Amino acid sequence: MASAPEDPVLERYFKGHKATVTSVDFSPNSKQLATASWDTFLMLWNFRPHARAFRYVGHKDVVTSVQFSPLGNLLASASRDRTVRLWIPDKRGKYSEFKAHTAPVRSVDFSADGQLLATASEDKSIKVWNMYRQRFLYSLYRHTHWVRCAKFSPDGRLIVSCSEDKTIKIWDTTNKQCINNFSDSAGFANFVDFNPNGTCIAAAGSDHTVKVWDLRVNRLLQHYQVHSCGVNCVSFHPSGNCLITASSDGTLKILDLLEGRLIYTLQGHTGPVFTVSFSKGGELFSSGGADTQVLLWRTNFENRYCKDVIKRNLKRLHFDSSPHLLDIYPRTPHLHEGKTETVEVNPKLEVMDLQTSAPPVVDILSFHSATTTDTDVRTPPGKGEDTCSYFLNPSLMPSECAPATLKKKTEDVSDVPSESQRSIPLAVTDALEHIMEQLNVLTQTVSILEQRLTLTEDKLKDCLENQQRLCSALQQKS
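Basis of the calculations
Residues numbered from 1 in each chain as written. Predicted model: local features only at pLDDT ≥ 70, side-chain atom pairs only at ≥ 80, totals over all residues. Heavy atoms only, no water. Patch = residues over 30% accessible without salt bridge, like charges linked within 9 Å, V, L, I, M, F, W, Y side chains within 5 Å. Areas by Shrake-Rupley, 256 points an atom, 1.4 Å probe, with all protein chains shown as cover. Salt bridge = Lys/Arg side-chain N within 4 Å of Asp/Glu carboxyl O. Lys, Arg positive; Asp, Glu negative; His and termini not counted. Charge placed at Lys NZ, Arg CZ, Asp CG, Glu CD. Helix = DSSP H or I, 4+ residues; strand = E, 2+ residues; numbered from the N terminus. Pairing = 2+ DSSP bridges. Axes fitted to C-alpha atoms, helices over the stretch in contact; angles between N-to-C directions. Core = buried A, V, L, I, M, F, W, Y, C linked by side-chain atoms within 4.5 Å. Buried < 20%, exposed > 50% of the residue type's maximum accessible area, 1.4 Å probe, protein only. Contact = heavy atoms within 4.5 Å. Phe/Tyr/Trp six-rings, centres within 6.5 Å; stacked < 30°, edge-to-face > 60°.

Peer 1: Can you lay out a negative patch on the surface for me, pointing to particular residues and giving the numbers?
Peer 2: A cluster of like negative charges, contributed by Glu457, Asp458, Asp462 and Glu465, occupies part of the molecular surface. Here Asp458 shows up in helix 4 (residues 426-477).

Here's what the structure looks like:
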């Protein structure tokens, strides 16, 4: 069936990854797309015709998540190698590395102002990092199983997280406390995110469902059962009117949140779909999955009336905006009906003139600019120190540091030592790095064990005190 002008269409697809695509994210100007994969690579695709794609080599295990910073001058990636990396998305591939967690890291997310980064891990914790000085700030512990995802609210005041303990938690970033908890007996959420104005959250369920909760009244607002397998990812259209879902059943579904119904089923992948994301303006969306392809779609259906809504939602990024509890979204709670008329879009059944699917790929062999762990204690620079070298993030440097940064740009490539210039063989360097990683893990493990031992001692003291009180009470009675 041919698509109507307002239906989504597959515009382009990219081939370059060698394994499952796990995450996609558009640059703020929607001219580039970053993707992560099980092949341990990060790739940067340019939408210009015949432009090269960059493949960033550096992670030592599956790359689970990738996201552009709000300004687009940094890329954050999470990996099963237990690290988080910040990349400069250009042909040099310079990065800084966070020894972030004691287990695989599942997601990364920038706050809307770009000042903070949240990471979620299988060590059951969420950690928040300061991007200005690239240092660890604090951890959030309340989950009892692997944390799959953590996201900032549009205004940065809240964090939502989901875990395999079958709970979704809402955290206050000011007091670092869990302020709300949604639990589910049927399954756990693979992915969770805020809607554009921060009043609702949507969760992609392992039990094949998509659920939308209203944070203003703390209740389930909409419940969709439109997939035949687990749902892996969701993405809100910037207008907030629609939600797109990706599932292991090989399809994408587009839901109309105002009407509470399924409107489109998209078939383009030949296996499970693990990730989907709208561009910042909503004109495009991209998906990736087990078939190693990255599909680029044009939205079409929201082009006519979403611009005013997007402008209104952008106001929610500022702290001085009016309270979002006064917003009316969604208009009313609609129950989803299973049997509704939907449009199925299958690009394989249509004749399309797709652009080049396999652009030339340039491998970027990355090199360190800094390494940070959550145990690092950095002292602010003194008056006589070079402030520019202290603030590792060039996008967040004060303006007075800009000249020095520009001057160094031409020197960055020459700073990379060649194999002949190394005083230590590469194999020895790798071995030493591995030993350092293991020592970091041991240090953090010992710290956790000490905390648990302290808690156990406190509980034993309480038990002894209670026992003494009981004995004294019994003696008095006798």
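Peer 1: How would you explain the sheet that holds strand 23 (residues 242-247) if you had to name every residue and give the values?
Peer 2: Strand order in the open sheet formed by five strands is 22-23-24-25-29, and the pairing between neighbours is mixed. The open sheet has two edge strands with one neighbour each: strand 22 (231-236) and strand 29 (343-345). Strand-to-strand twist of the sheet, defined as the mean angle between neighbouring strand axes without regard to direction, takes the value 20 degrees. As defined by bridge partners, strand 25 (residues 261-267) adjoins strand 29 across three bridges and the pair is classed as parallel. Along strand 29, the bridge assignment pairs Tyr264 with Val343.

Peer 1: Which residues make up the nonpolar core, and what values do they have?
Peer 2: What tends to happen in soluble globular proteins is that the nonpolar side chains get buried as a cluster. Core analysis: the largest hydrophobic core is formed by 48 residues, its most contacted members being Ile168, Ile201, Leu252, Ile254 and Phe285. Sorting elements by how many residues they give to this core places strand 19 (residues 200-205) first, with five residues. Once residues within four sequence positions are removed from consideration, Ile168 is found in contact with Val160, Ser161, Cys162, Asn180, Asn181, Phe182, Ala189, Val192, Ile201, Ala203 and Trp213.

Peer 1: Tell me about the packing of aromatic side chains, and please be specific about residues and values.
Peer 2: Applying the stated rule across the entire model yields eleven aromatic pairs. Ring centres 5.5 Å apart and planes at 50 degrees place the aromatic pair Tyr56 and Trp87 in the tilted group. Of this pair, Tyr56 sits in strand 5 (residues 53-57) while Trp87 sits in strand 8 (residues 84-87), placing them 31 residues apart in sequence. The same class applies to Tyr56 and to Trp87, which are both buried.

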